[in-house]
Amino acid sequence: QVQLVESGGGLVQAGGSLRLSCAASRAIFRVSLMGWYRQAPGKQRELVATASTTGSTNYADSVKGRFTIARDDAKNTVYLQMNSLKPEDTAVYYCNAVVYLANMNYWGEGTLVTVSS
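None of the values given here were measured: they were computed from a predicted structure.

Caption draft 1: Local environment of the pairing of strand 8 (residues 77-82). In terms of strand pairing, strand 3 (residues 18-24) meets strand 8 through six bridges, oriented antiparallel. For L20, the partnering residue across the bridge sits in strand 8 and is L80. Of the pairings in the sheet, the one linking strand 7 (residues 67-72) to strand 8 comprises six bridges and is antiparallel in character. In the strand pairing of strand 8, F67 is matched with M82.

Caption draft 2: Spotlight on the side chain of T50. Take T50: it is sitting in strand 5 (residues 46-51). Not counting the four nearest positions on each side in its chain, T50 is found in contact with L33, M34, G35, S56, T57, N58 and I69.

Caption draft 3: Structural context of the nonpolar core. Counting residues in hydrophobic clusters, the biggest one holds 30 residues, and the most contacted among them are M34, W36, L80, M82 and Y93. Contributing elements (two or more residues each) for this core: strand 3, helix 1 (26-29), strand 4 (32-39), strand 5, strand 7, strand 8, strand 9 (91-99) and strand 11 (111-116). Of all the elements, strand 9 adds the most residues to this core, at five residues. Residue contacts for Y93: discarding those within four places in its chain leaves E6, L20, W36, Y37, R38, V48, F67, L80, M82, G110, T111 and V113.

Caption draft 4: Seen up close, the sheet that holds strand 7. Strand order in this open sheet of four strands is 1-3-8-7, and the pairing throughout is antiparallel. Either end of the sheet is taken by a strand with one partner, and the two such strands are strand 1 (4-7) and strand 7. When the angles between neighbouring strand axes are averaged without regard to direction, this sheet yields 15°. By the bridge criterion, four bridges tie strand 1 to strand 3 in an arrangement that is antiparallel. In the strand pairing of strand 3, E6 is matched with C22.

Caption draft 5: Spatial organisation of the state of the cysteines. Applying the stated criterion across every chain yields a total of one disulfide. Bridging C22 to C95, the disulfide has an S-S length of 2.0 Å. Between C22 and C95, the S-S torsion sits near -85°, and that sign places the bridge as left-handed. Here C22 is found in strand 3, whereas its partner C95 is found in strand 9, with 73 residues between them in sequence.

Definitions and cut-offs
Residues numbered from 1 in each chain as written. Predicted model: local features only at pLDDT ≥ 70, side-chain atom pairs only at ≥ 80, totals over all residues. Heavy atoms only, no water. Pairing = 2+ DSSP bridges. Helix = DSSP H or I, 4+ residues; strand = E, 2+ residues; numbered from the N terminus. Contact = heavy atoms within 4.5 Å. Core = buried A, V, L, I, M, F, W, Y, C linked by side-chain atoms within 4.5 Å. Buried < 20%, exposed > 50% of the residue type's maximum accessible area, 1.4 Å probe, protein only. Axes fitted to C-alpha atoms, helices over the stretch in contact; angles between N-to-C directions. Disulfide = S-S within 2.5 Å.

As structure tokens, then:
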């Protein structure tokens, strides 16, 4: 039924790049705000970026100018392009979908990003 599946995590050196993907169920993707969150060891989960159905995007200050979120409506997929990675970006990254005007919130299982210094 409803699923969010992340991929693309891995190990990268500081200054490098990774692209995360989140494949979503069409039933929720087309009516949902899509987003990426992350949780570093010992820290609270935090918002990274969001992308609406109309193309509006929002970013945390810590990633602004380095990360880019994008939606591919044909593939029901949201991406997070991460450039100029820093060790502080090391975290498990989670895909999120919030259905507009409904009490529906969905999460992926996460994908680990490790940035070495």
